[in-house]
Amino acid sequence: MRLFKVMNIHDELASIVGEKWVITGKETRLYSYDGFTAVEGDPSMVVLPGNEEEAIRVVRLLLERQVKFVMRGTGTSLSGATVPLGGEVVVGMARLNRVYSQSGLEIEVGPGIANAMVTKNAPPHLFYAPDPSSYMVSSIGGNISHDSGGVHVVKYGPTVNSVVSVRVILAGGQVEDVEYGPFLSSLPIFVGAEGTLGGILRARLRLFPKPATRKSIFATFDSVRDAGRAVVDIFRTGVIPSALEMMDRNTIRVVERSRYRANAPDVEALLLIELDGSEEAVSEQENLVSRVIKEDNGERIYPDDGGTKLWNARKGAFPAMGVVAPAYLTLDCNVPREALPDVLAGVAEIGRRKGVLIANVFHAGDGNLHPLIPYFPDKAESLKLALETSAEIMKFALRMGGVPSGEHGIGIEKLKYMDMYYNKEELQVLRRIKSVFDPGNLLNPCKLLGGCRPRDEVTRWMWEWD
Amino acid sequence: MGLEDACVHCGFCLEACPTYVVTRSEIHSPRGRITSVRLGISSEGIETCMFCRRCELACPSGVEYGKLIHNVREESPVKKALNVVMERPQLAYRFFKSSEGLNSPVVRRIHELIPRMEAPLEYREESPEIILFPGCLMSVAFRRTVNNALLFIKSRGYRVEILNGCCGLSHYSEGDKVRSNALIQQLRERFKGRRVVSLSSNCSAHMREMGLNVEDFSEFALSELRDEKRKLTITIHDPCHANLMGITKSTRKVVERLGINVVEMDEPSFECGAGGGYFIYHPEIADRVMDVKAEKVKRSGQKLVLSTNPACSLALAFKGFRPLHLADILEGIEDLNPS
Ligand SMILES: Cc1cc2nc3c(=O)[nH]c(=O)nc-3n(C[C@H](O)[C@H](O)[C@H](O)COP(=O)(O)OP(=O)(O)OC[C@H]3O[C@@H](n4cnc5c(N)ncnc54)[C@H](O)[C@@H]3O)c2cc1C
Ligand code: SF4
Ligand code: SF4
């Protein structure tokens, strides 16, 4: 029945976007998963509209025919938010990558544009602040839908702080421009919605003036606990760094084996700190930060290249895991900064107990952990162990006052932690919101709020408690 | 574990890939191609890869994409025939001449990109100290550049022999394992114990990767440069494989030593669009890549483009720019007419 419905609309879709932009048959499998590779979906068809008008017509047609669909940007989601689990049609938005206009501190772009291209198209004195490590490729539509963060979140905020307005297509087929406003603004609800409430057709983004200077500071620590304490203490001095990242020993060893080799010292923890602002402000902050590093038993290091390689190593740390195993889970629980030292110790303990290598590389400044857990996809036990380990870490982080996801989203990966984090009433409210926007449950089903049955062993491990 | 299993599906390679940039489709992306190999499904993307290997530079997991695609590709009869012709530049030249006016799309496309061919330059001195290896396309499409390189090497006091042949990079990229190996084997024999200067920088890169000991012309020039200057303003294109192997660094050093004013283009190593013989078989994608490249060059405001690889030079000329080889700058400067 479903297949029949989809076959029927093939020709109509092709007449909108052109035959070669509708993908059918085996090649649809190239859209069956994203940056989260543990579960492969089964898209019934892939459509790649070439502009906003085509996208609107495509979505309206799908809605009219009651065909479920998943919007997709670049497919770098780490929580499997684009995986079509039930034969949904994938609507790829990557071709909608135009810059529509730029004036003042704002720029208007299509959702398919890569994050990095926003700054590239901005005047030289301005920049787009949210910078997930995937910024070279991940799309603005995806960034908005996951409320993505990056190393500069600690000072400039995640994506939500840089979105001025979005144009969305809703499940009724209407196209609306929603802006930030003081009264019942509906803009924020689309940020982090994972494509479950509407499709983002374009976005007006905020640009920040580039700071006069930026200064990188690197410090090594003999214990993760000391490094965690230094993070907390830096903020105590009143300094708000523009970036504050941590890499632990496992991560350092992994990147040193990858093409991001940076000759990083083999230590328990490395802090990467960036300060920005006027010359005077930066130098004053530097003094304060240096003092904290010393007091917390750290030591500053001064790389030959000023630290470019270390920053690249930080940005490439996830995929560099490829040198250990072809797949990995990335958790991203956010915990209160003050809890960092204890949480890190606890995570290490879980790793030891489970006998799993856990590499920690994360946005320390905003308490956003990224424990990376490698596994071998062709061995079911290996994935099961990785999932069990992540469940333990999650439970522990939530107990310590954390939230399930700081920036990578819930997708299909973290559904069971939603039940843990929210109580029944809260979840009900969220589900009611979803059904107001999308009564037919056509938009990216199963994601964010779940509601689907496990379809195999892996989804059962992911979604159900033992 | 196959080479494809090293890919973690992060997508970091996407925007580095010229065919993805112009299609924005997973089918024509490195990640998609690798996934199709891993899942064992046949996909159009395997054929549309330009084999520029920019994805390798972008990949944090160290996926050996070049090897992977070489292993899975099967060469079509048309490609095979054309490669065989190019193996012998004299033959290529005669074939080209006799094909003028022929009404086949392949032939027409070739003539469109290569407006003029000349017989390869033959030159041999007694007991030569240096073998100059122009590379197949260079020898027939840029005879003057070969001549300039010859003059430069001779001006440094060396006895030279020109060896017109083919390194087999096209064969390799199109998956012809047997023939590409045989060509390298032949060259290994002929290069044995000799000092070889290679004029096409992507060929230099390929031969080096295949274990042959060759000097790229830029490296030779760097070691032989005297205190000389050239008053010139140019922009530089970094040919993809030469860039991957770090050869473009020496080209840039020579340019710097010559005191040439460089206005950088956006992403100098972005694919030219020719992709070896790619422009012949996939005109639609090739044309769009050439357009994107032309935009990047245009924004530099320069017409003179340093390009040390013949296919790139042809693509740049096709788009209305004036490509120059390092050899042309060193010896042919009077023709340049810098304005
Ligand atoms: C190696 C690596 C490093 C990463 N580092 C970071 C990091 O530092 N910080 C961080 O926050 N994230 C990071 N990520 C995660 C990922 O890159 C981000 O979540 C990114 O925003 C996803 O963008 P995308 O274009 O790939 O979206 P996709 O993966 O294609 O989609 C993500 C979600 O957005 C929805 N969506 C996409 N486009 C639209 C649209 N136009 N309308 C409606 N819904 C849409 C999809 O349905 C899906 O729910 C990383 C990922 C990888 C692989
Ligand atoms: S070799 Fe070039 S064209 Fe082929 S996948 Fe890699 S980047 Fe793309
Ligand atoms: S080839 Fe490399 S960069 Fe591309 S998706 Fe795979 S791991 Fe990532």
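Residues numbered from 1 in each chain as written. Chains lettered and ligands numbered in written order. Predicted model: local features only at pLDDT ≥ 70, side-chain atom pairs only at ≥ 80, totals over all residues. Heavy atoms only, no water.

Quick look at the overall build of chain A now. When its secondary structure is counted, chain A shows 16 helices and 18 strands. Taken along the three principal axes of its C-alpha coordinates, chain A extends 70 × 55 × 45 Å. For chain A, buried positions account for 61% of its 466 residues. Per element, the accessible surface of chain A, about 18500 Å² overall, is 50% carbon and sulfur. In chain A, the 53 positive side-chain charges and the 58 negative ones have mean positions that sit 3 Å from each other. (Helix = DSSP H or I, 4+ residues; strand = E, 2+ residues; numbered from the N terminus. Buried < 20%, exposed > 50% of the residue type's maximum accessible area, 1.4 Å probe, protein only. Areas by Shrake-Rupley, 256 points an atom, 1.4 Å probe, with all protein chains shown as cover. Lys, Arg positive; Asp, Glu negative; His and termini not counted. Charge placed at Lys NZ, Arg CZ, Asp CG, Glu CD.)

Taken together, the 34 residues of chain B in the interface contact 40 residues of chain A. Between chain B and chain A lies a buried interface of about 2800 Å² when both sides are counted; carbon and sulfur atoms form 58% of it. Taken as a group, B:Val8, B:Phe12 and B:Arg24 account for 22% of the area that chain B buries against chain A, more than any other trio of residues on that side. Linking chain B with chain A are 3 salt bridges, by the criterion used here. The partner of B:Glu26 in a salt bridge is A:Arg72, with the nearest N and O atoms 2.9 Å apart. Elements that contribute at least two residues to the side of chain B that touches chain A include exactly helix H1 (18–23), helix H2 (30–39) and helix H4 (54–58) of chain B. No other element matches the 6 residues that H2(B) contributes to the side of chain B that touches chain A. Residue classes in the side of chain B that touches chain A are distributed as 13 nonpolar, 11 polar and 10 charged. (Contact = heavy atoms within 4.5 Å. Buried area = accessible area lost by both parts, 1.4 Å probe. Salt bridge = Lys/Arg side-chain N within 4 Å of Asp/Glu carboxyl O. Nonpolar A, V, L, I, M, F, W, Y, C, P; charged D, E, K, R; others polar.)

Interfaces are frequently sized by the accessible area removed from exposure as the parts join. Residues and elements named next belong to chain B. Domain annotation of chain B identifies domain 1 (3–72), domain 2 (79–220) and domain 3 (227–335). Just the C-alpha atoms count here: the centres of domain 1 and domain 2 sit 28 Å apart. The interface of domain 1 with domain 2 comprises 7 residues on the first partner and 9 residues on the second. Here domain 1 packs against domain 2, burying approximately 630 Å² in sum over the two surfaces, 51% of which is carbon and sulfur. Area buried by domain 1 at its contact with domain 2 is led by Phe51, Arg53 and His70, which between them contribute 76% of it. Counting every contact that joins domain 1 to domain 2 gives 2 salt bridges. When the shortest N-O distance is used, the salt bridge between Lys79 and Glu47 registers 3.0 Å. Between domain 1 and domain 2 we count 5 residue pairs in polar contact (both at pLDDT 80 or more) in total. (Domains from an automatic or database assignment. Polar contact = N/O pair within 3.5 Å; in protein donor to acceptor, adjacent residues only side chain to side chain.)

Residues and elements named next belong to chain B. Ligand 2 sits among Cys17, Pro18, Pro30, Arg33, Cys49, Met50, Phe51, Cys52, Arg53, Arg54, Cys55 and Tyr65. For the shell around ligand 2, the secondary structure elements donating two or more residues are H2 and H4. The residue inventory of the shell around ligand 2, partitioned by class, reads 9 nonpolar, no polar and 3 charged. (Near = heavy atom within 4 Å.)

Once that is clear, we can look at the domain arrangement of chain A. All names here are of chain A. Per the domain assignment, the segments making up chain A are domain 1 (2–92), domain 2 (99–209), domain 3 (212–317) and domain 4 (325–466). The gap between the C-alpha centroids of domain 1 and domain 2 is 22 Å. Taken together, the contact between domain 1 and domain 2 spans 13 residues of the former and 18 residues of the latter. Each partner contributes to the roughly 1100 Å² buried at the junction of domain 1 and domain 2, and carbon and sulfur atoms together form 61% of this total.

Another aspect to go through is the nonpolar core. The nonpolar side chains of soluble globular proteins are, as a tendency, buried together. The biggest cluster of nonpolar side chains holds 66 residues, and the ones touching the most others in it are A:Val39, A:Met246, A:Leu271 and A:Ile273. It is helix H13 (residues 380–399) of chain A that contributes the most residues to this core, 9 residues altogether. For A:Ile273, the contacting residues outside a window of four places in its chain are A:Lys215, A:Ser216, A:Ile217, A:Ile234, A:Pro241, A:Ala243, A:Leu244, A:Val289, A:Ile293 and A:Trp311. B:Met50, B:Ile162, B:Ala221 and B:Ala286 belong to the second-largest nonpolar core, a separate cluster that totals 64 residues. (Core = buried A, V, L, I, M, F, W, Y, C linked by side-chain atoms within 4.5 Å.)

All names here are of chain A. One non-glycine residue, Asp147, adopts positive backbone phi at about 45 degrees. In this structure, Asp147 sits in the loop between helix H4 (140–145) and helix H5 (153–156). Asp147 sits in the buried class, given a relative accessible area of 18%.

With that settled, the discussion passes to the state of the cysteines. Residues and elements named next belong to chain A. Scanning all chains against the criterion turns up 1 disulfide over all chains. A disulfide bridge connects Cys446 with Cys452, and the sulfur atoms are separated by 2.0 Å. Its S-S torsion of about -90 degrees marks the bond between Cys446 and Cys452 as left-handed, since a negative value means left-handed. Residue classification places Cys452 among the partly exposed residues on the basis of a relative accessible area of 30%. (Disulfide = S-S within 2.5 Å.)

All names here are of chain A. One open sheet accounts for 5 strands, arranged S5-S6-S10-S8-S9; its pairing is antiparallel. Taken across any chain shown, the strands that pair with only one partner, and hence form the sheet edges, are strand S5 (99–103) and strand S9 (175–179). Geometrically, the sheet is characterised by an average inter-axis angle of 15 degrees between neighbouring strands, direction not taken into account. Taken together, the 7 bridges between strand S8 (residues 163–170) and strand S10 (residues 198–206) define a ladder with antiparallel strand orientation. Bridge pairing links Arg167 to Arg202 in S10. (Pairing = 2+ DSSP bridges. Axes fitted to C-alpha atoms, helices over the stretch in contact; angles between N-to-C directions.)

Residues and elements named next belong to chain B. In space, the 4 strands of this open sheet follow the order S6-S5-S7-S8, with parallel pairing throughout. Edge positions in the sheet fall to strand S6 (261–262) and strand S8 (322–324), since each has one partner strand and no second. Where strand S5 (residues 233–236) and S6 come together, 2 bridges link them in parallel fashion. Bridging from a neighbouring strand, Thr233 pairs with Asn261 of S6.

With that settled, consider the pairing of strand S12 (residues 213–221) of chain A. Residues and elements named next belong to chain A. By the bridge criterion, 9 bridges tie S12 to strand S14 (residues 269–277) in an arrangement that is antiparallel. Pairing of Thr213 across the sheet is with Gly277, part of S14. Pairing analysis gives 3 bridges linking S12 to strand S15 (residues 299–301), with the strands arranged antiparallel. By the bridge assignment, Ala219 is partnered in S15 with Arg300.

Here the focus is the pairing of strand S4 (residues 89–92) of chain A. Residue and element names in this part refer to chain A. Both faces of S4 are covered, namely the face carrying Val89 and Val91 and the face carrying Val90 and Gly92. Bridge count between strand S2 (residues 45–47) and S4: 3 bridges; the pairing is parallel. When the bridges of S4 are listed, Val46 appears paired with Val90. Pairing between strand S3 (residues 69–72) and S4: 4 bridges, direction parallel. Bridge assignment links Arg72 to a residue of S4, and that residue is Gly92.

With that out of the way, let us pick up H13(A). All names here are of chain A. An ideal rise of 1.5 Å per residue puts 28 Å on 20 residues; H13 measures up with 29 Å between its terminal C-alpha atoms. Every buried residue of H13 is listed here: Ser382, Leu383, Ala386, Leu387, Thr389, Ser390, Ala391, Ile393, Met394, Phe396, Ala397 and Leu398. Close packing links the buried residues of H13 with strand S16 (327–330), helix H12 (340–354), strand S18 (371–375), helix H14 (415–421) and helix H16 (457–463). Positive phi shows up at Gly401, right after H13, with a value of about 95 degrees. (Expected span 1.5 Å × (residues − 1).)

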